[in-house]
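# Descriptive structure summary
Okay, here's what each chain looks like letter by letter:
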Amino acid sequence: MKFNLFRRPQAVAAAEPTGATTVTMAPTPAVISTPADTSGSNNTEINKNDMFEEIKSKFLNEIDKIPLPPWALIAIAVVAALLILTCCFCIIKKCCCKKKKNKKGKKGKDGFNMKNMQGGEIHQDDDDDEGETGLTEEEKEEEEKEQEKLGKLQYSIDYDFENTKLTIGILQAADLMSMDSGGTSDPYVKVLLFPDKKKKYDTKVHKKTLNPVFNETFVFKVPYEELGGKTLVMSVYDYDRFSKHDVIGEVKLPMNTIDLGRPIEEWRDLESADQEEPEKLGDICISLRYVPTAGKLTVCILEAKNLKKMDACGLSDPYVKIQLLQGGKRLKKKKTTVKKNTLNPYYNESFSFEIPLEQMQKILVAVTVFDYDKIGKNDAIGKIFVGSKATGLGLKHWSDMLANPRRPIAQWHPLQPEEDIDGQLASLAAKK
């Protein structure tokens, strides 16, 4: 009985296969589960591929909708890539510059001395500037030197103690900065003993060269005891026929630093000239009157005021010269009397010219104020001109005169440097 009891479960287990339905249903999940899993993974892979294909087709459809040819799309993509690369390069460069700056800061901390203690804040500012510009101190110095390369000048100085004469020789210049569009210049040199601007000399103009040879000498008669307070100024200019002459550079030599016991001949690098404000030369009042029926133009020089001081005593001996010009040629000239020792002369002197009405559009009247000098050349203080081809006040004054025949029209005019007005007149003559 005991044996049978233990065998009964086996008999039951053995009897169960006789039922086909139960036997088949029990293993069915185990047998079917394997294909189900494999089919599920295949389905997910297919779904992923379908999604990728769908996204790809949508993307291609969107590109097809863009109204641009394929080559244009490729070009846009290339440009975008280049921009991204450029941005990356800039970021990398900036990071490198910051690293260099930090290294310099650490270096400064290691070198502990009084100089660093006093100027620590200043050095930090300098480093910040270097970080912003990306240039080191050495590179900045080299850049400044390159910018300052204006050329050099060779000159000689000799003083005659017996005759109290200072002889300045302008020998040559080399490696001048090009000022013209063709890569050359038209250089000449101005020589003066500052602060006396009245007596100055100009060399000849050498056309289209950066290495002119002058070999010219100029003599200043100056007592030795007065030389100490003077400065020799040698300025190299680029000549321009139609506009103001540009300064290339200059050499300044305080006379109290020079040993005049022996002749001197040397080279000096040109330095950039100080850009001074335009010097006030004064004003002149003139009156114009034209009578069309008689063809008569009357120019009246009334007065001048606040003229530039030209003499050592702080005054001038001014007189006025009037020139009638046509096509760059001088037709007639007249001048006023000289007024001694004054900067505010009163003239009230009239000058008449016979000009037919049809010629009035071609005529220019130039008015120049000079300082009279008994010994040397009379120096121009300033100049103006009026006419139909003038500008500003010169044109306005001329137009008012023609609009009011037989009536004198007076007008104040600010004097301008003679060379500037001569350049404008030459430009007008060349246009013809």
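Going by the structure above, here's the rest.
Report on the accompanying structure.

Parameters and conventions
- Residues numbered from 1 in each chain as written.
- Predicted model: local features only at pLDDT ≥ 70, side-chain atom pairs only at ≥ 80, totals over all residues.
- Heavy atoms only, no water.
- Helix = DSSP H or I, 4+ residues; strand = E, 2+ residues; numbered from the N terminus.
- Buried < 20%, exposed > 50% of the residue type's maximum accessible area, 1.4 Å probe, protein only.
- Contact = heavy atoms within 4.5 Å.
- Areas by Shrake-Rupley, 256 points an atom, 1.4 Å probe, with all protein chains shown as cover.
- Pairing = 2+ DSSP bridges.
- Salt bridge = Lys/Arg side-chain N within 4 Å of Asp/Glu carboxyl O.
- Axes fitted to C-alpha atoms, helices over the stretch in contact; angles between N-to-C directions.
- Arc of directions from axis to C-beta.
- Core = buried A, V, L, I, M, F, W, Y, C linked by side-chain atoms within 4.5 Å.

### Section: the overall build of the protein chain
Across its full length, the protein chain holds nine helices and 16 strands. Here the protein chain, with 432 residues, has 30% of them falling under the buried criterion. For the protein chain, the proportion of contacts with a sequence separation of at least 24, taken over those separated by at least 6, is 62%. Surface summary for the protein chain: the accessible area is close to 28600 Å², and the carbon and sulfur share equals 55%.

### Quick word on the pairing of strand 9 (residues 283-291)
Where burial is concerned, most of strand 9 is hidden: seven out of the nine residues are buried. Hairpin connection, strand 9 to strand 10 (residues 296-305): the antiparallel pair is bridged by four residues, and Gly295 has positive phi, about 60°.

### Concerning the pattern of salt bridges
Considering all chains together, one arrives at five salt bridges under this definition. In this structure, Lys252 and Glu250 form a salt bridge, with 3.6 Å as the shortest nitrogen-oxygen distance. Taking relative accessible area as the criterion, Lys252 reaches 43% and is therefore assigned partly exposed. Given a relative accessible area of 9%, Glu250 falls into the buried group. Between Lys396 and Asp400 there is a salt bridge; the shortest N-O distance is 3.1 Å. Of the two residues, Lys396 and Asp400 both sit in helix 8 (residues 393-403), four residues apart, roughly one turn of that helix.

### Some details on the sheet that holds strand 11 (residues 318-326)
In spatial order, the strands read 12-11-14-15; together these four strands make up an open sheet with antiparallel pairing. Both edges of this open sheet fall to strand 12 (329-335) and strand 15 (379-387), since each of them pairs with a single strand only. The mean inter-strand angle of the sheet, taken between neighbouring strand axes irrespective of direction, is 20°. Taken together, the eight bridges between strand 14 (residues 363-371) and strand 15 define a ladder with antiparallel strand orientation. Bridge assignment links Val367 to a residue of strand 15, and that residue is Ile384. Strands strand 14 and strand 15 of the sheet are contacted by helix 8, whose axis makes an angle of about 50° with strand 15.

### What to know about unusual backbone geometry
Residues other than glycine seldom take positive phi values, yet Asn306 does so here, at roughly 55°. For Asn306, the location among the structural elements is in the loop between strand 10 and strand 11. The phi dihedral of Asn341 falls on the positive side, at around 50°, and the residue is not glycine. According to the relative accessible area criterion, Asn341 is partly exposed, its value standing at 48%.

### Topic: the side chain of Thr336
Relative to the elements of secondary structure, Thr336 occurs in the loop between strand 12 and strand 13 (346-354). Excluding residues within four positions of it along the chain, Thr336 makes contact with Ile301, Tyr319, Val320, Tyr347, Glu349 and Phe351.

### So, helix 8
For helix 8, the full list of buried residues reads Gly394, His397, Trp398 and Met401. Projected onto a plane normal to the axis of helix 8, the buried residues spread over an arc of 95° and lie on a single side.

### Some details on the environment of Val291
Among the structural elements, Val291 can be located in strand 9. Overall, the relative accessible area of 12% leaves Val291 in the buried class.

### What to know about the nonpolar core
Ile284, Leu297, Ile301, Val365, Val367 and Trp398 are the most contacted members of the largest nonpolar core, which has 30 residues in total. Only strand 9, strand 10, strand 11, strand 13, strand 14, strand 15 and helix 8 provide two or more residues apiece to this core.

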